[in-house]
Amino acid sequence: ERLQLLLKCADISNVAQPLPAALEWAVAVTDEFFAQGDMERARGMEVTPMCDRTAQSRVRLQRGFVDSVAAPLFRVAARLLPGMAPLLQQLEDNRRALDRLTDADMLSQVDAVRCRRASRAAVPDNDDAEACSGTATAVNRTEAAAVDEVGELFTVTVG
């Protein structure tokens, strides 16, 4: 039973990663959802509610997932396996951060993370580098706005 619980936690562990990584995964997942909704709409099908970019918010979807699925699962895991407590704490910190974000904030923070990664990689065909070309000032402003709960700038370590 504990192994099954751990595997389920591992499967959705993105929400318990440091905030920049958790947000990047949230954007990737909602991009996938919204692409599905776009295909459903283009085919004249009823759009799955959580996949409807015209009616949904990325932040609201993520908060709903954390509140209804991830947090309850991680709370049980942390009770049974105390070593999971730091992951639960990170998840709860991330959830509080979501209360202060709009979709635009989330996308800006993720863009800043991707631009930093692209500038470090310096790979000519890197899509992130191309998207960030000539936007150093905007990235710096975005990074300055991307603050965590205690008001310190977050730093992403890629390695």
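Residues numbered from 1 in each chain as written. Predicted model: local features only at pLDDT ≥ 70, side-chain atom pairs only at ≥ 80, totals over all residues. Heavy atoms only, no water.

Participant: Would you mind going over the overall build of the chain with me for this structure?
Facilitator: Within the chain one finds seven helices and zero strands. Counting the 159 residues in the chain, one finds 35% classified as buried. For the chain, the proportion of contacts with a sequence separation of at least 24, taken over those separated by at least 6, is 64%. Of the roughly 9,700 Å² of accessible surface on the chain, a fraction of 55% belongs to carbon and sulfur atoms. (Helix = DSSP H or I, 4+ residues; strand = E, 2+ residues; numbered from the N terminus. Buried < 20%, exposed > 50% of the residue type's maximum accessible area, 1.4 Å probe, protein only. Contact = heavy atoms within 4.5 Å. Areas by Shrake-Rupley, 256 points an atom, 1.4 Å probe, with all protein chains shown as cover.)

Participant: Can you walk me through the layout of surface pockets in this structure?
Facilitator: Space left empty within the atom packing is revealed by a probe, the size of a water molecule, rolled over the atoms. The computed volume of the largest pocket comes to approximately 290 Å³. Ranked by residues supplied to the lining of the largest pocket, first place goes to helix H2 (residues 19-42) with five residues. Of the residues contributing to the lining of the largest pocket, the split by class is nine nonpolar, three polar and one charged. (1 Å grid on protein atoms, 1.4 Å probe; cavity = no way out; pocket = protein on both sides within 12 Å on 5 of 7 lines; lining within 4 Å. Points joined across faces, edges and corners; volume = space filled by probe spheres on them. Nonpolar A, V, L, I, M, F, W, Y, C, P; charged D, E, K, R; others polar.)

Participant: Even after reading the chapter, I still don't get empty space enclosed by the protein, so can you show me in this structure?
Facilitator: Tallied over the entire structure, the rule returns one cavity of 30 Å³ or more. When its volume is computed, the largest cavity comes out at roughly 50 Å³. If you trace the largest cavity, you find it lined by Val15, Leu19, Ala22, Leu23, Ala26, Gln62, Val66, Asn94 and Leu98. Looking at the lining of the largest cavity, the elements that each hand over two or more residues are H2, helix H3 (58-80) and helix H4 (85-98). With four residues, H2 is the largest single contributor of residues to the lining of the largest cavity.

Participant: What is the right way to read H3 from this model?
Facilitator: With 23 residues, H3 should reach 33 Å at 1.5 Å per residue; the first-to-last C-alpha distance of 31 Å fits that figure. The sharpest bend along H3 measures roughly 45° and falls at Val66. Where H3 is buried, its residues meet helix H1 (2-11), H2, H4 and helix H5 (103-121). The N-cap of H3, judged by a side-chain oxygen 3.3 Å from the amide nitrogen of Val59 a few residues on, is Ser57. (Expected span 1.5 Å × (residues − 1). Bend = angle between axes of the 7 residues up to and from the residue. Polar contact = N/O pair within 3.5 Å; in protein donor to acceptor, adjacent residues only side chain to side chain.)

Participant: Help me understand the pattern of salt bridges, please; the structure alone is not making it clear to me.
Facilitator: A side chain with one charge can pair with a side chain of the opposite charge if their charged atoms come near. By the definition in use, this model includes ten salt bridges. With a closest N to O distance of 2.7 Å, Asp67 and Arg95 form a salt bridge. Of this pair, Asp67 sits in helix H3 while Arg95 sits in helix H4, placing them 28 residues apart in sequence. (Salt bridge = Lys/Arg side-chain N within 4 Å of Asp/Glu carboxyl O.)

Participant: Quick question: what am I supposed to make of the packing of H3 against H4 here?
Facilitator: A pair of packed helices is captured by two measures, namely the crossing angle of their axes and the spacing between those axes. For the pair H3 and H4, the least separation of the axes is 10 Å and the interaxial angle reads 160°. Between H3 and H4, the angle falls in the class roughly antiparallel. Here the hand of the crossing between H3 and H4 comes out left-handed. Residues Val59, Gln62, Arg63, Val66, Asp67, Ala70, Ala71, Phe74, Arg75 and Ala78 of H3 touch H4, and the partners they reach there are Ala85, Leu87, Leu88, Leu91, Glu92, Arg95 and Leu98. Tallied by class, the residues present in the contact of H3 with H4 amount to eleven nonpolar, one polar and five charged. (Axes fitted to C-alpha atoms, helices over the stretch in contact; angles between N-to-C directions. Parallel < 35°, antiparallel > 145°, perpendicular 65-115°, else oblique. Left-handed = near helix turned anticlockwise from the far one by under 90°.)

Participant: What is the right way to look at the environment of Asp67 in this model?
Facilitator: On the accessibility criterion, Asp67 (41% relative accessible area) is partly exposed. Taking the C-alpha atoms as reference points, Asp67 and Glu92, 25 residues apart in sequence, are found 9.7 Å from one another. Each residue touching Asp67, except ones within four places of it in the same chain, is listed here: Pro72 and Arg95.

Participant: Is there a simple way to think about the side chain of Asp52 in this case?
Facilitator: Its location among the elements puts Asp52 in the loop between H2 and H3. The buried category is assigned to Asp52, whose relative accessible area is 13%. Once residues within four sequence positions are removed from consideration, Asp52 is found in contact with Phe34, Arg41 and Val47.

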